[in-house]
Amino acid sequence: GESVGLHLPTLSVQEGDNSIINCAYSNSASDYFIWYKQESGKGPQFIIDIRSNMDKRQGQRVTVLLNKTVKHLSLQIAATQPGDSAVYFCAERVGGTSYGKLTFGQGTILTVHP
Amino acid sequence: DSGVTQTPKHLITATGQRVTLRCSPRSGDLSVYWYQQSLDQGLQFLIQYYNGEERAKGNILERFSAQQFPDLHSELNLSSLELGDSALYFCASSGRGTSDEQFFGPGTRLTVL
């Protein structure tokens with residue numbers, strides 16, 4: 001059949017606003033989660049990670065929240081800047097034999113307007 | 001700059017052909033991962049090598065193969081290419097003894113005509 005492109009969720013914000021990007025993960029056995037940022041024409045860039053024994057982790061201008069009960073991950077970006085415009089991916093990892101393999105979400109397009 | 005290098009940056013070839021993509025991991029990283037990013041499938045894990053040995057396998061086609069050499073660089077071989085193999089191919093590497101925080105290279109854009 002004919003393949004179609006993924007229709008990624010989009011988020012548009014004004015410069016200076018806070019952004020929240022959400023992700024539902026699939027495997028309750030996942031023990032490690034990462035957020036990546038991908039700018040056009042570049043490879044994914046690590047933003048922040050969190051292990052399953054935590055529910056919150058903060059970095060510089062970013063916070064990741066993990067809710068294992070509903071298998072939900074969110075990325076909060078404070079004081080969003082035009083340079084934050086990119087596609088954001090969450091990724092999960094299951095330990096054991098698949099140690100190292102990351103399963104990526106479909107991504108969210110963030111557009112920051114000056 | 002992640003420290004991971006990939007060559008070539010772009011590759012255009014015809015159906016039925018075979019290509020080799022090359023990846024050099026960050027200095028000291030023992031693990032190398034290959035991912036495929038296409039418009040309809042998103043970012044998909046293909047295969048992982050650790051210090052020369054295959055560690056994990058994803059949805060990698062039988063027409064695809066990879067290896068990691070003693071100097072830790074890796075090659076991804078794609079054969080009997082089809083139009084649907086057109087995609088971005090990323091290599092990532094991670095640190096000694098762990099698989100946390102994978103650093104991605106800039107990717108190779110493969111176009112199959």
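These notes cover the structure that comes with them. The written sequence of each chain sets the order in which its residues are numbered from 1. By the order in which they are written, chains take letters starting at A while ligands take numbers starting at 1. Predicted model: local features are reported for residues with pLDDT of at least 70 only, side-chain atom pairs are reported and counted for 80 or more only, and whole-chain, interface and lining totals are derived from all residues. Note that water and hydrogens are dropped before the side-chain values are worked out from all heavy atoms of the structure.

### A look at the state of the cysteines
All names here are of chain B.
- By convention in this document, the label disulfide applies to cysteine sulfur atom pairs within 2.5 Å. Enumeration according to the criterion identifies 2 disulfides over all chains in this entry.
- Across a sulfur-sulfur distance of 1.8 Å, Cys23 and Cys91 are joined as a disulfide pair. Its S-S torsion of about -50° marks the bond between Cys23 and Cys91 as left-handed, since a negative value means left-handed. Here Cys23 is found in strand 3 (residues 19–24), whereas its partner Cys91 is found in strand 9 (residues 87–94), with 68 residues between them in sequence.
- Only protein chains enter the accessibility calculation, which uses a 1.4 Å probe; a residue is then buried when its area is under 20% of its type maximum, exposed when over 50%, and partly exposed in between. Take Cys23: its relative accessible area is 0%, and that puts it in the buried class.
- On the basis of relative accessible area, Cys91 is assigned to the buried category, the value being 0%. The numbering of helices and of strands both runs from the N terminus, where a helix is a DSSP run of H or I of at least 4 residues and a strand a run of E of at least 2.

### A word on the sheet that holds strand 6 (residues 62–67) of chain A
Residues and elements named next belong to chain A.
- The antiparallel open sheet is built from 4 strands, whose spatial order is 2-7-6-5. Sheet topology places strand 2 (19–24) and strand 5 (56–58) at the edges, where each strand pairs with a single neighbour. Neighbour-to-neighbour, the strand axes of the sheet open up by a mean angle of 15°, direction not taken into account. DSSP-based pairing: two strands are paired if at least 2 bridges between them are found. Every axis corresponds to a line fitted to the C-alpha atoms, with the helix fit spanning only the stretch in contact, and the corresponding angles, defined between N-to-C directions, vary from 0 to 180 degrees.

### Considerations on the nonpolar core
- We call a set of buried residues a nonpolar core when its members are Ala, Val, Leu, Ile, Met, Phe, Trp, Tyr or Cys and they connect through side-chain atoms within 4.5 Å of each other. Ranked by internal contacts, the top residues of the largest apolar core, which has 21 residues, are Val19, Leu21, Trp34, Leu76, Leu78, Tyr89 and Leu110 of chain B.
- Breaking this core down by element, the ones donating at least two residues are strand 3, strand 4 (31–38), strand 5 (42–50), strand 7 (64–68), strand 8 (74–78), strand 9 and strand 11 (108–112) of chain B.
- Not counting the four nearest positions on each side in its chain, Leu76 of chain B is found in contact with Val19, Thr20, Leu21, Trp34, Leu46, Ile60, Ser65, Ala66 and Tyr89 of chain B.
- Ranked by size, the runner-up nonpolar core spans 19 residues in total, among them Trp35, Ile50, Val64 and Leu110 of chain A. In what follows, residue pairs with any heavy atoms lying within 4.5 Å of each other are defined as contacts.

### Let's talk about unusual backbone geometry
All names here are of chain B.
- For the bond from Thr7 to Pro8, the omega torsion is -10°, close enough to zero to count as cis.
- One non-glycine residue, Asn51, lies in the positive phi region at around 50°.
- Relative to the elements of secondary structure, Asn51 occurs in the loop between strand 5 and strand 6 (53–57).
- A residue is classified by how much of its surface remains accessible, and Asn51, at 47% relative accessible area, is partly exposed.
- Its identity is not glycine, yet Leu72 carries a phi of approximately 80°, on the positive side.
- Structurally, Leu72 can be placed in the loop between strand 7 and strand 8.
- Of the residues examined, Leu72 reaches a relative accessible area of 16% and is grouped as buried.

### Thoughts on the packing of aromatic side chains
- The criterion for an aromatic pair is that two Phe, Tyr or Trp rings (for Trp, the six-membered ring) have centres within 6.5 Å, with stacked assigned to planes under 30 degrees apart, edge-to-face to planes over 60 apart and tilted to the rest. Evaluated as defined, the whole model comprises 11 aromatic pairs over all chains.
- On the numbers, 6.4 Å between centres and 85° between planes, the contact of Tyr36 of chain A with Phe46 of chain A is edge-to-face. Pair noted here: Tyr36 of chain A is in strand 3 (residues 30–38) and Phe46 of chain A is in strand 4 (residues 45–51), with a separation of 10 residues, a long-range link.
- Relative to Phe104 of chain B, the ring of Phe90 of chain B has its centre 6.3 Å away and its plane inclined at 75°; by these criteria the two rings are edge-to-face. Taken together, the residues Phe90 of chain B in strand 9 and Phe104 of chain B in strand 10 (residues 103–104) connect sequence positions 14 residues apart. Each of the two residues, Phe90 of chain B as well as Phe104 of chain B, counts as buried.
- Members of the aromatic cluster, joined through ring pairs, are Tyr36, Phe46, Phe89 and Phe104 of chain A together with Tyr35, Phe45, Phe90 and Phe104 of chain B.
- The cationic tip of Arg26 of chain B hangs over the ring face of Phe103 of chain B; the distance from NZ or CZ to the ring centre is 3.7 Å. Criterion for a charge above a ring: Lys NZ or Arg CZ within 6 Å of the ring centre, and within 35 degrees of the ring normal.

### A closer look at the environment of Asp17 of chain A
All names here are of chain A.
- One can find Asp17 in the loop between strand 1 (10–14) and strand 2.
- The exposure class of Asp17 is partly exposed, given its relative accessible area of 36%.
- In sequence terms Asp17 and Ile77 are 60 residues apart; their C-alpha atoms lie 8.6 Å from each other.
- Setting aside chain neighbours within four positions, we find Asp17 in contact with Ile77, Ala78, Ala79 and Thr80.

### What about the pairing of strand 5 of chain B?
All names here are of chain B.
- Burial within strand 5 is extensive, with 7 of its 9 residues counted as buried.
- Here 8 bridges tie strand 4 to strand 5, and the two strands are oriented antiparallel to one another. Along strand 5, the bridge assignment pairs Gln37 with Leu43.
- The hairpin turn running from strand 4 into strand 5, its antiparallel successor, is 3 residues long.
- Pairing geometry for strand 5 and strand 6, over 4 bridges, is antiparallel. For Tyr50, the partnering residue across the bridge sits in strand 6 and is Glu53.
- What sits between the antiparallel neighbours strand 5 and strand 6 is a turn of 2 residues, in which Asn51 has the positive phi angle 50°.

No statement about biological role is implied by the geometric values presented.
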